[in-house]
Amino acid sequence: MTGRLVVVSNRLPANVATNKAGEPDIPAGGLASAIFSAMRSRPGSLWLGWNGKVESRDRLGRITRSSLQNPELVGIPLTQGEVDDYYHGFCNMVLWPLFHSFQARVHIDLKEEETYRRVQTRFAEKLLPFLRPGDRVWVHDYHMFLLAKELRRLGWAGKTGFFLHIPFPSHDLWQLLPDPRGFLEALLEYDLVGFHVQGYLDNYVYCCRRQLGARWDGSLLSTRKRVQRAGVYPVGINPEEFAPPEGASAGNRPRRGVLAKVVRGRRLILGVDRLDYTKGIPDRIRAYEHFIREHSEWRKKVSFIQIAAPSRTAAAHYQEEKRKVEALVGRVNGALVGPDWVPTYILSRTFPRTTLARFYREADVGLVTPLRDGMNLVAKEFVAAQSPHSPGVLLLSRCAGATEDLPEAIIVNPYIPEEVAEGIARALSMSLEERLERHRALLARVRTHSVEEWGRRFIGDLEKTSSSMTPRLFSGRHDGEFADRLQP
Ligand code: ADQ
């Protein structure tokens with residue numbers, strides 16, 4: 001492999017410590033570890049993002065640089081106004097709801113869009129002096145649509161890729177952006193763009209055809225000015241991290257774990273999500289209530305535990321969602337509760353990944369029913385954690401990208417409580433033979449589409465993009481050329 005890998009995301013990974021050898025000792029799992037491992041094979045790599053610090057305008061030059069060498073973490077501060085307008089504003093009030101098809105939640109403020117643009121200009125200016133010819137830049141997610149355009153404007157001609165972690169919306173929704181055409185032109189400045197599933201790629205290609213008259217040959221998008229590669233890269237997990245321990249009981253599902261004690265040995269339905277309106281937790285609770293009412297044979301024999309990790313807690317919609325979920329759990333429990341039986345529990349906290357893996361293993365049913373989700377890694381973690389001798393059953397929303405990857409789950413429409421309720425009943429009474437058959441197929445897919453494979457394929461395809469795809473008037477030839485123009 002040639003060149004360093006330079007990753008850019010809105011936030012730097014938090015709490016990265018170093019081990020004795022001075023290498024990053026990051027918490028296992030997730031995208032951060034996949035990206036770190038891709039960087040390790042490229043000495044001198046770096047990762048740039050917001051370091052979580054808020055500074056006044058005259059102190060924005062205060063970049064933080066980690067003592068880590070591979071990768072070095074380069075942290076950029078934001079002003080309070082930028083946090084409000086760029087992050088809480090345009091990202092969380094426009095892009096997040098719009099791309100998840102929650103049109104009625106979109107609130108567009110042109111001042112916030114302006115700040116979104118300005119933040120990316122500054123990210124590009126801060127990044128440029130660090131770049132060397134031969135570097136590969138990999139930009140992540142909707143916070144950074146415009147970064148390649150800004151880098152190109154400053155003279156960067158190197159290979160630059162973009163991966164979108166959330167759905168790409170249909171054209172009907174895309175055109176509600178303040179500058180739909182300009183945003184697509186900016187996205188075309190990347191040499192490679194990647195999506196979780198074919199449907200998002202199809203939406204992107206259609207938007208480019210419709211707005212820019214682009215042509216598509218199945219892997220390359222072309223306009224008069226640009227040629228870009230675009231593809232599908234389903235993000236995965238590290239299955240080893242969630243796998244049951246060697247020699248795990250070959251018999252029944254674990255009945256003595258923490259959650260089994262909570263539900264007093266009853267059958268267990270489990271939901272695990274960040275608390276966000278896209279995850280559909282209230283709809284899920286209502287569907288569970290419907291299930292209990294329609295299937296009285298399961299009364300007192302099953303309980304539902306929803307683990308809801310706090311997330312974006314400063315946002316008003318988080319507070320609203322939290323109130324809604326707690327009120328609903330109270331109402332459902334009040335209506336259904338019987339002596340010695342609590343139908344629903346909500347645990348509002350985060351857990352270490354090893355604990356989550358044990359929780360998944362204890363559950364008879366994994367209830368993963370987001371109203372919209374780019375991929376959904378919980379579904380894959382649930383599959384990886386199951387005992388191969390007596391696996392639990394995954395119930396998965398057809399509105400999650402993961403459905404394309406995990407078709408052997410019970411697939412349900414999360415907007416139809418009756419359908420989710422019937423799915424729960426089916427999952428709880430599924431024969432061991434069918435559970436084993438479905439689980440074998442699901443696990444094979446989770447193993448094949450691992451997070452390592454995701455990183456390898458994306459970087460491999462970025463390498464394949466040709467520099468002739470990015471004809472430039474200016475292209476940097478040595479370190480100093482960029483560094484002279486802008487100081488870090
Ligand atoms: P998220 O919206 O965060 O990610 P998801 O893919 O489900 O959604 O990942 C959530 C992660 O948080 C999982 O790894 C899960 O284990 C962890 N988590 C959830 N609850 C937790 C808890 N209580 N304690 C500890 N950990 C918890 C975005 C997109 C997704 C896409 C990913 C990756 O919205 O659609 O799958 O990026 O691209």
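Scope of this entry: the structure provided in the associated data block. Computed from a predicted structure; not experimentally measured.

### Regarding the pattern of salt bridges
Counted by the stated rule, this structure contains 31 salt bridges. Close ionic contact of R152 with D191 constitutes a salt bridge, the shortest N to O distance being 2.9 Å. Of this pair, R152 sits in helix α4 (residues 147-153) while D191 sits in the loop between α6 (180-187) and β9 (192-195), and the two are 39 residues apart along the sequence. We classify D191 as buried; its relative accessible area is 1%. Across the pair K380 and D405 runs a salt bridge, and its minimum N-O distance is 2.5 Å. Within this pair, whereas K380 is found in helix α13 (residues 377-385), its partner D405 is found in helix α14 (residues 402-405), the two being separated by 25 residues in sequence. Of the two residues examined, K380 and D405, each falls in the buried class. Three or more residues are tied together by salt bridges with common partners; here these are R152, E189, D191 and R226.

### Points about the site of the ligand
Taken together, the neighbourhood of the ligand is formed by 24 residues, with H165, R274, D373, M375 and E381 sitting nearest. For the ligand, an oxygen atom lies 3.0 Å from a polar atom in the backbone of G374. One nitrogen or oxygen atom from the main chain of M375 is found 2.8 Å from an oxygen atom belonging to the ligand. Surface burial for the ligand is 87%, taken as the share of its 720 Å² of free accessible area covered by protein chains. When grouped by side-chain class, the residues that make up the shell around the ligand number 12 nonpolar, 5 polar and 7 charged.

### Focus: helix α2 (residues 80-99)
Helix geometry: α2 is bent most strongly at C91, by close to 40°. With its phi angle positive at about 65°, S101 sits one or two positions after the end of α2.

### Examining the packing of helix α10 (residues 281-294) against helix α15 (residues 417-428)
Each pair of packed helices gets described by two things: the angle between the helix axes and the distance between those axes. With their axes 8 Å apart at the nearest point, α10 and α15 run at an angle of 65° to one another. For α10 against α15, the interelement crossing comes out right-handed. Contacts between α10 and α15 involve A287, Y288, H290 and F291 from the first element and P417, E418, V420, A421, I424, A425 and L428 from the second. Its residues assigned to classes, the contact of α10 with α15 comprises 9 nonpolar, 1 polar and 1 charged.

### Concerning the sheet that holds strand β13 (residues 267-274)
Read from one edge to the other, the open sheet built from 6 strands follows the order β15-β14-β13-β16-β17-β18, with strand pairing classed as parallel. The open sheet terminates on both sides in strands that have one partner only, identified here as β15 (344-347) and β18 (410-412). The average undirected angle you get between the axes of adjacent strands in this sheet is 20°. With 4 bridges connecting them, strand β14 (residues 302-309) and β15 associate as parallel partners. Note on β15: the bridge partner recorded for I307 is L347. Contacts from α10 reach β13, β14, β15 and β16 (365-368), with the element oriented near 175° to β14.

### A short note on the nonpolar core
Ranked by internal contacts, the top residues of the largest apolar core, which has 67 residues, are F123, L127, F145, L147, F168 and Y204. Here this core takes 10 residues from α2, the largest share from any one element. The residues contacting F145, other than those within four sequence positions of it, are L95, F99, Y116, Q120, F162, L164, F183, A186, L187 and Y190. Judged by nonpolar contacts, the second largest core, of 53 residues, contains V7, A38, I307 and A357.

### Quick notes on the sheet that holds strand β5 (residues 64-65)
Pairing within the open sheet is mixed, and its 10 strands lie in the order β5-β6-β4-β1-β7-β8-β9-β12-β11-β10. Looking at which strands have only one partner, the edges of the open sheet turn out to be β5 and β10 (215-216). Here α2 sits on the sheet and contacts β1 (5-11), β4 (46-54) and β6 (72-78); the angle it forms with β6, its principal contact strand, is near 95°.

### Quick look at the side chain of R438
Relative to the elements of secondary structure, R438 occurs in helix α16 (residues 432-448). The exposure class assigned to R438 is buried, which follows from its relative accessible area of 17%. One polar contact links the side chain of R438 to the main-chain carbonyl oxygen of E408, over a distance of 2.9 Å. Not counting residues within four places of it along the chain, the set of residues in contact with R438 comprises E408, A409, I410, R426 and M430.

Calculation rules
Residues numbered from 1 in each chain as written. Predicted model: local features only at pLDDT ≥ 70, side-chain atom pairs only at ≥ 80, totals over all residues. Heavy atoms only, no water. Salt bridge = Lys/Arg side-chain N within 4 Å of Asp/Glu carboxyl O. Helix = DSSP H or I, 4+ residues; strand = E, 2+ residues; numbered from the N terminus. Buried < 20%, exposed > 50% of the residue type's maximum accessible area, 1.4 Å probe, protein only. Near = heavy atom within 4 Å. Polar contact = N/O pair within 3.5 Å; in protein donor to acceptor, adjacent residues only side chain to side chain. Areas by Shrake-Rupley, 256 points an atom, 1.4 Å probe, with all protein chains shown as cover. Nonpolar A, V, L, I, M, F, W, Y, C, P; charged D, E, K, R; others polar. Bend = angle between axes of the 7 residues up to and from the residue. Axes fitted to C-alpha atoms, helices over the stretch in contact; angles between N-to-C directions. Left-handed = near helix turned anticlockwise from the far one by under 90°. Contact = heavy atoms within 4.5 Å. Pairing = 2+ DSSP bridges. Core = buried A, V, L, I, M, F, W, Y, C linked by side-chain atoms within 4.5 Å.

Remember that the coordinates give geometry; whether it matters functionally is a separate question.
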